[in-house]
Amino acid sequence: MQIKTIMEKQKLDTVFLATDAPENEINYLKERLPLVKYEPTRSVLKKYGDGGVAIIDQWICAHAKYFVGTKESTFSFRIQEERDILGFNADTTFNCLF
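Residues numbered from 1 in each chain as written. Predicted model: local features only at pLDDT ≥ 70, side-chain atom pairs only at ≥ 80, totals over all residues. Heavy atoms only, no water.

Under an unreviewed UniProt entry, the protein has the name GDP-fucose protein O-fucosyltransferase 2 and belongs to Paramuricea clavata. Looking at the protein in UniProt, the text filed under Pathway (unreviewed entry) is "Protein modification; protein glycosylation." (UniProt positions renumbered as here; feature names shortened; annotations may be inferred.)

Encoded structure:
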């Protein structure tokens, strides 16, 4: 519900999900939201590894119109830091789900 509320307020039509959550949790969200998730090909995964794929997710999130992270997440913190450096408004950057 939190994500749907944000989407309405921000006039967003798609959610990009960057997570290492279990597949069943991702599927739960996919059934309820217009969701996109980066799925690397085997060759990309082999070339860059899990860490490299996380950096790709991070880059996409850092350039999004609106970012919502999770509290106490280093991944979210780094994205917020990058968005701050890039000059994104704090209101579209420093947001967390409850």
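So that's the structure; there's more coming.
**Notes on the overall build of the protein**
For the protein, the count of helices and strands is four helices and two strands. Listed N to C, the secondary structure of the protein is α-β-α-β-α-α in terms of helices and strands. For 98 residues, the compact-globule estimate of 2.2 N^0.38 gives 13 Å, and the C-alpha radius of gyration of the protein, at 14 Å, lies within 12% of that figure. Dimensions of the protein, computed from the C-alpha atoms along their principal axes, are close to 40 × 35 × 25 Å. Out of the 98 residues belonging to the protein, those deemed buried represent 23%. Considering only contacts within the protein whose residues lie at least 6 apart along the sequence, 40% involve residues at least 24 apart. A total of about 7,300 Å² of accessible surface is found on the protein, and carbon and sulfur atoms cover 55% of it. Each charge class in the protein can be summarised by its mean position, and for the 13 positive and 14 negative side chains these summaries are 4 Å apart. (Helix = DSSP H or I, 4+ residues; strand = E, 2+ residues; numbered from the N terminus. Rg over C-alpha atoms; globule rule 2.2 N^0.38 Å. Buried < 20%, exposed > 50% of the residue type's maximum accessible area, 1.4 Å probe, protein only. Contact = heavy atoms within 4.5 Å. Areas by Shrake-Rupley, 256 points an atom, 1.4 Å probe, with all protein chains shown as cover. Lys, Arg positive; Asp, Glu negative; His and termini not counted. Charge placed at Lys NZ, Arg CZ, Asp CG, Glu CD.)

**A word on the nonpolar core**
As a rule of thumb, nonpolar side chains are buried together in soluble globular proteins. Counting residues in each nonpolar core, the largest one holds six residues, listed as Met-7, Val-15, Leu-17, Ile-26, Leu-33 and Leu-35. Setting aside residues no more than four positions away along its own chain, Val-15 makes contact with Ile-3, Met-7, Pro-34, Leu-35 and Val-36. (Core = buried A, V, L, I, M, F, W, Y, C linked by side-chain atoms within 4.5 Å.)

**Considering the pattern of salt bridges**
Following the criterion strictly, the structure yields two salt bridges and no others. For the salt bridge of Arg-32 with Glu-31, the shortest nitrogen-to-oxygen distance reads 3.3 Å. For Glu-31, a relative accessible area of 64% gives the class exposed. For the salt bridge of Glu-81 with Arg-78, the shortest nitrogen-to-oxygen distance reads 2.9 Å. Of this pair, Glu-81 and Arg-78 both sit in helix 4 (residues 74–86), three residues apart, which is roughly one turn of that helix. On the accessibility criterion, Arg-78 (38% relative accessible area) is partly exposed. (Salt bridge = Lys/Arg side-chain N within 4 Å of Asp/Glu carboxyl O.)

**Concerning the environment of Leu-29**
Following the sequence through the fold, Leu-29 ends up in helix 2 (residues 23–30). Note on Leu-29: relative accessible area 23%, which makes it partly exposed. Along the backbone, Leu-29 and Leu-17 are twelve residues apart, and their C-alpha atoms lie at a distance of 9.4 Å. Contact partners of Leu-29, with chain neighbours within four places excluded, come to Leu-17 and Leu-35.

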